[in-house]
Amino acid sequence: MATPVVGQRLSRVDARRKVTGEATYSAEHRVEGLLYGVIVNGTVARGTVSRISVDAALGHPGVLHVLTDFGSLRLAHPVDRIAFYGQPIAVVVAETLEAATHGASLVEATYEQQAAVTDLDAPGIPSQTPADEPDYSRGDPAGALASAQVKVDLELTSARENHNPIELPSTIARWQGGQLTLWDKTQWSQGAARTVAGALGIAVGDVRVHNEFIGGGFGSGIQTYDHVMLAAFAAREVGKPVKVVLTRRQFYYGAGFRPASRHRISLGSSTAGRVNALAYDVRIENARYQSYTDGLTDLPQFLYGVPNTRTAYRVTPVDVHSPCSMRGPGVVLGNFALETAMDQLAHELAVDPVELRLRNEPTRDEVNQIPFSTRKLRECYETGARRFGWSRRHAEPGSRTDGDLLIGMGMATASYHNNRRDCSARARMHADGTAEVFAASADMGPGTTTSVMQVAADALGLPASAVTFRLGDSSYPTAPLHAAATTMASVGSAAHTTCNALRAEFIRRAVADANSPLHGANPADVQVRDGRLETSGARDSYRAILRRAGLPSLDIAGNWGPGDADSKISTYGYGAVFAEVSVDPLLGLVRVRRIFAAYDVGRVISPKLAHSQAIGGMVGGIGMALLEGTVTDHRDGRIVNASLADYLVPVNADVPDLDAAFINTEDPQADPIGVKGLGEITIVGVAPAIGNAVFNATGKRLTDLPIRPEALL
């Protein structure tokens, strides 16, 4: 039997192209007659532009156009008034980037300002209950909290976070007749095509979006922001292709962010460590012009078997750009509140934090009253604790030292919903024995082109070298957004289903062909290995079947979707995250020494890439816990630290010994390839594990993210 391609520790199929510069990113495409556009940003948080002077810009050598009238565009925010600091008010188009950049600096605007509020904590700002996040309750949480033997009540905060992938938002727009082609840094080419078509008032079929290579996204490329529409608008207005690339500072103004949040969580428990009451209230910042929500209340409702639970989600509209998804959206913050409270409860009870969680393991999904598909969380705790050396933890905070440093260990549970969506694919077998699979998915870094290829290769009975997965084109078969840990379960399942159908079609042709060595064989008995169809000593091949039919290739299209599976089974990924930190009590500096996590994420298609995903998520969690926070000047809404010099992200010195293991399990009820999402869960649990380790080291319960040195002094 041939060795399966799935499960092999393959390197990324596009790795050489990326490291040698052969891979072409959105801003790097060579387009004849290309002009350069630079956006001019407004400098007030609320008001209208009363006057805009463009003469100096138009007089600068190389500047060809200054566009200021966006009235024909349908954008997410109003175009006749300023809704947030940094909102585009003009686009300068020039022959060179340098000319466009300097021209943009010469545009002057005056404003009729209105009173603006950009602070989530400003007094008198009413909060709202979003329509898609209604209040939730089961049992009698108020009564259970009142009668609980042991109680924990914490208030927590998190700062706004901004995305910082290396590749900046970039778009090239070219019109040919009424057809628009975009090379765009997007995590959802077909979503971008629909958004741009709607903004411009044209048919979706007239827009084609290319996004084969993406230099990181983390959620910043899910939505289609102003710069994309303005590039297309400018190209149409000037009659030539236009490239727009945001600066790092403009990125902070022009794309979404993880919103700042405020939490209060209360737990009630028996002295035996049985949590019987939970109340969780959370509030996040929002734009006035558009409501944004994510899954902040998901894990507090779901993760533990708490019979009396209440959650309430609120948004506070202020004069800011709209937030958006960022890795582990919502869940990572709700989990920070929950897992910090669970650690505090374990301390109050003098119970090991792992043991407390085990005592509160549910037997079914108590929110939806349905069974779990798989839930190997106990195995995650056991594997993680053993591999990490949890037994060496000192239960008494502040009791372990290394010279002048305080040493602490902490842990937290991680979980994320296994998102699956309808997806289509096309598979093509060529006469030379190679195959291609097509879907309008994307790959912002996890290795989608590699892992989907592995699934397709096994379905077709081909070696990895004979199969190519094509993505990054909105004209390909319909695929969901490349986010929310959706891609492998959805696109992989569609590729699996479609390639199985293509293989079955070749088998059908062979057994029906009088000239085939397999003529008359039972199709169920035919096996395919290395492109050869075999049964009872007789052999045929994909090549021979196509040659006899006189065909250069054979295509087949297929679809896969989860149907109503989510109404019958509860399918989540799970993990246990363990962290060790050192704290310098004189300086208040926290250093992560090591992190280990064990995950139940179903079948692992590509172990090497899965491990890489886990490490990347841990790095993001280190940033969230200790470094990242966007600072706003609330006088005008300006972001103060909108650069990589001032906004702190982890560097190599911050990333010590990181490792992960995967529990050997599959989830066949969730999808035909047995996978559960991996991309999001790997950041969930990291920040609370670090925070809990800091408590173990110092005895100080820190509830604000990021953890700052002054909080430990």
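Check the entry above for the structure.
Now for a look at the structure at hand. Since this is a predicted model, take the numbers as computed values, not measurements.

The rules we used
- Residues numbered from 1 in each chain as written.
- Predicted model: local features only at pLDDT ≥ 70, side-chain atom pairs only at ≥ 80, totals over all residues.
- Heavy atoms only, no water.
- Helix = DSSP H or I, 4+ residues; strand = E, 2+ residues; numbered from the N terminus.
- Rg over C-alpha atoms; globule rule 2.2 N^0.38 Å.
- Buried < 20%, exposed > 50% of the residue type's maximum accessible area, 1.4 Å probe, protein only.
- Contact = heavy atoms within 4.5 Å.
- Areas by Shrake-Rupley, 256 points an atom, 1.4 Å probe, with all protein chains shown as cover.
- Lys, Arg positive; Asp, Glu negative; His and termini not counted.
- Charge placed at Lys NZ, Arg CZ, Asp CG, Glu CD.
- Pairing = 2+ DSSP bridges.
- Axes fitted to C-alpha atoms, helices over the stretch in contact; angles between N-to-C directions.
- Expected span 1.5 Å × (residues − 1).
- Salt bridge = Lys/Arg side-chain N within 4 Å of Asp/Glu carboxyl O.
- 1 Å grid on protein atoms, 1.4 Å probe; cavity = no way out; pocket = protein on both sides within 12 Å on 5 of 7 lines; lining within 4 Å.
- Points joined across faces, edges and corners; volume = space filled by probe spheres on them.
- Nonpolar A, V, L, I, M, F, W, Y, C, P; charged D, E, K, R; others polar.
- Patch = residues over 30% accessible without salt bridge, like charges linked within 9 Å, V, L, I, M, F, W, Y side chains within 5 Å.

1. Observations regarding the overall build of the protein
Regarding its fold elements, the protein presents 16 helices and 31 strands. Here the C-alpha atoms of the protein give a radius of gyration of 27 Å, agreeing with the 27 Å that 2.2 N^0.38 yields for 713 residues. Across the 713 residues that make up the protein, the buried fraction comes to 60%. Look at the contacts in the protein between residues 6 or more apart in sequence, and 81% of them connect residues 24 or more apart. For the protein, the exposed surface amounts to about 27100 Å²; the carbon and sulfur share of it is 48%. On the protein, the mean spot of the 68 positive side-chain charges and the mean spot of the 75 negative ones are 4 Å from each other.

2. Thoughts on the sheet that holds strand 14 (residues 261–269)
The six strands are arranged 6-16-15-14-7-31 in an open sheet whose pairing can be described as mixed. Edge positions in the sheet fall to strand 6 (136–138) and strand 31 (704–705), since each has one partner strand and no second. Sheet analysis places strand 14 next to strand 15 (residues 275–287), joined by nine bridges and oriented antiparallel. Counted as the bridge partner of Arg264 is Asp281 from strand 15. Against the sheet, helix 9 (residues 331–349) contacts strand 7 (150–158), strand 14, strand 15 and strand 31, and its axis sits at roughly 145° relative to strand 7.

3. Re the side chain of Thr535
Assignment of secondary structure puts Thr535 in strand 23 (residues 532–535). According to the relative accessible area criterion, Thr535 is buried, its value standing at 12%. Once residues lying within four places of it in the same chain are set aside, the contact partners of Thr535 are Leu518, Ala521, Asp525 and Val526.

4. Describing helix 12 (residues 448–460)
Between its terminal C-alpha atoms helix 12 stretches 18 Å, which fits the 18 Å expected from 13 residues at 1.5 Å a residue. Among the 13 residues of helix 12, twelve are classified as buried, and the element is accordingly described as predominantly covered. Along helix 12, the residues that are buried comprise Thr448, Thr449, Thr450, Ser451, Val452, Met453, Gln454, Val455, Ala456, Ala457, Ala459 and Leu460. One or two steps after helix 12, the chain reaches Gly461, where phi turns positive at roughly 70°.

5. A word on the pairing of strand 9 (residues 170–176)
With respect to burial, strand 9 is a largely interior element, five of its seven residues being buried. Bridge count for strand 9 against strand 12 (residues 242–245) is four bridges, and the pairing is antiparallel. Considered in strand 12, the bridge of Thr171 is made with Val244. Sheet analysis places strand 9 next to strand 10 (residues 179–184), joined by six bridges and oriented antiparallel. The residue bridging Trp175 from the neighbouring strand is Leu180, located in strand 10. Hairpin remark: strand 9 followed by strand 10, antiparallel, with two residues in the connecting loop; positive phi at Gly177, about 65°.

6. Digging into the pattern of salt bridges
Tallying each qualifying case throughout the model produces 37 salt bridges. With a shortest N-O distance of 2.6 Å, Arg375 and Glu361 are connected by a salt bridge. In this pair, Arg375 sits in the loop between helix 10 (353–359) and helix 11 (377–388) while Glu361 sits in the loop between helix 10 and helix 11, placing the two residues 14 residues apart along the sequence. With relative accessibility at 15%, the residue Glu361 sits in the buried group. Among the salt bridges present, the one from Lys676 reaches Asp600, with a minimum N-O distance of 3.1 Å. Taken together, the positions of Lys676 in the loop between strand 30 (657–662) and helix 16 (686–698) and Asp600 in strand 27 (residues 589–600) put the pair 76 residues apart, joining distant regions of the chain. Residues Lys676 and Asp600 agree in their burial class; the two are buried. Several salt bridges share partner residues, and in doing so they unite Arg529, Arg532, Glu534 and Arg539 into one network.

7. Section: the sheet that holds strand 17 (residues 401–402)
Ordered by their spatial adjacency, five strands build an open sheet running 17-18-26-27-30, and the pairing between neighbours is mixed. Where the open sheet ends on each side, the last strands, each with one partner, are strand 17 and strand 30. Bridge count for strand 27 against strand 30 is six bridges, and the pairing is parallel. By the bridge assignment, Ile595 is partnered in strand 30 with Leu658. Packed on one face of the sheet, helix 16 meets strand 18 (405–417), strand 26 (572–584) and strand 27 and runs near 155° to strand 18.

8. Re the layout of surface pockets
For the second largest pocket, the calculated volume is near 510 Å³. Considering the residues around the second largest pocket, the lining is formed by 26 residues, among which Pro4, Ala457, Asp458, Gly461 and Val528 are closest to the centre. Of all the secondary structure elements, the ones that give two or more residues to the lining of the second largest pocket are helix 12, helix 13 (487–512) and strand 22 (527–529). Among the residues making up the lining of the second largest pocket, the classes are represented as 15 nonpolar, six polar and five charged.

9. Describing a nonpolar patch on the surface
Taken together, the side chains of Leu586, Leu587 and Leu589 define a hydrophobic patch exposed on the protein surface, amounting to about 310 Å² of accessible area. Within the secondary structure, Leu589 is located in strand 27.

10. Quick word on the environment of Gln113
Among the secondary structure elements, Gln113 is positioned in strand 5 (residues 108–113). The exposure class assigned to Gln113 is exposed, which follows from its relative accessible area of 62%.

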